[in-house]
Amino acid sequence: MREFTPDRPSVTESPYTVDAGHVQIELSAAEYAIARDRSRTLDVLPVNLKLGLLDNVDVELLFTPYQRVSDGGSISSGFGDETLMRLKINLQGNDGEGTAFAIMPYVKLPTGTGGLSNHHVEGGLIVPLEAELPGDFTFNAMVEADLVYHDARSAYGTDLVHSASVGHSIAGPVSGYVEYVGVAPFGAPHGRESHYQAIGSAGLTVEVRDNLILDAGSRVGFSGNSDRAALFVGASTRF
């Protein structure tokens, strides 16, 4: 199999696909976020299940089995709303040599229970890229266009997401990364939701063995409707 390169833990996706006929599992044990309005979200075992279809194509299913949102005295909990079905098509560099990039169309299904659903289908397109930098640094970048529904306007709008991360080995099996993520909302209602979101992230990965990587990290939002802070810990494996 090719080198093990999961999408997590950064927001920036990997351009590499799962080898044909193999299964890859990427999940968080838990993710905890504090929003601008002081509401708190706990995601338990959010997972990305991948199946390699062809040498350069895989299909992915992402969902959160349990989510709990606490907003003052109100609590909503149940199956997470953001169930995504994605198709990743690598267009160059899937063998790990040179610059690699891919396209990832996806659709989001409103599967939330317990008051978590927005009851609307959404979707988008992701284009990730990876390149090697001098000094054994790795550079990843991503552009993404999301079609999202805004309840306040009863209409769809578009979020343009862009991100970049730099990673490097720290010691032995331990590596680290730093990342910037920006979100430019178009068609959002006036207020904080319509403001540009700037988010910083950093994390660590530990390669336990060839097909098992543990990770942990955090994200901090600086503007717009981004979360004030988020923490996560998880793992990736393949068979």
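In the block above lies the structure referred to throughout.
(A) Main features of the nonpolar core. Counting 10 residues, the largest nonpolar core consists of Leu62, Leu84, Met104, Tyr106, Ile126, Met142, Val161, Val181, Val183 and Ile199. When neighbours within four sequence positions are excluded, Leu84 is seen to be in contact with Glu60, Leu61, Leu62, Tyr106, Val107 and Lys108.

(B) View of a nonpolar patch on the surface. Taken together, Leu49, Leu61, Met85, Leu109, Val121, Leu147 and Tyr156 make up a surface patch of nonpolar side chains, about 550 Å² in accessible area. Structurally, Leu109 is set in strand β8 (residues 100-110).

(C) Fine view of the pairing of strand β3 (residues 47-54). Pairing geometry for strand β1 (residues 23-34) and β3, over five bridges, is antiparallel. Across the sheet, Leu27 pairs through a bridge with Val47, a residue of β3. Summarising the sheet, β3 and strand β4 (residues 57-63) pair through seven bridges and their orientation is antiparallel. Its bridge partner being in β4, Leu49 is matched across the sheet by Leu61. Counting the residues between successive antiparallel strands, the hairpin from β3 to β4 contains two residues.

(D) Layout of the pattern of salt bridges. One pass over the structure, following the stated rule, counts 15 salt bridges. Notably, a salt bridge pairs Lys88 with Asp7, separated by 2.9 Å at the nearest N-O pair. One end of the pair, Lys88, is in strand β7 (residues 82-92); the other, Asp7, is in the segment before β1, with 81 residues separating them in the sequence. Relative accessible area serves as the criterion here: at 0%, Lys88 is assigned to the buried category.

Calculation criteria
Residues numbered from 1 in each chain as written. Predicted model: local features only at pLDDT ≥ 70, side-chain atom pairs only at ≥ 80, totals over all residues. Heavy atoms only, no water. Core = buried A, V, L, I, M, F, W, Y, C linked by side-chain atoms within 4.5 Å. Buried < 20%, exposed > 50% of the residue type's maximum accessible area, 1.4 Å probe, protein only. Contact = heavy atoms within 4.5 Å. Patch = residues over 30% accessible without salt bridge, like charges linked within 9 Å, V, L, I, M, F, W, Y side chains within 5 Å. Areas by Shrake-Rupley, 256 points an atom, 1.4 Å probe, with all protein chains shown as cover. Salt bridge = Lys/Arg side-chain N within 4 Å of Asp/Glu carboxyl O. Helix = DSSP H or I, 4+ residues; strand = E, 2+ residues; numbered from the N terminus. Pairing = 2+ DSSP bridges.

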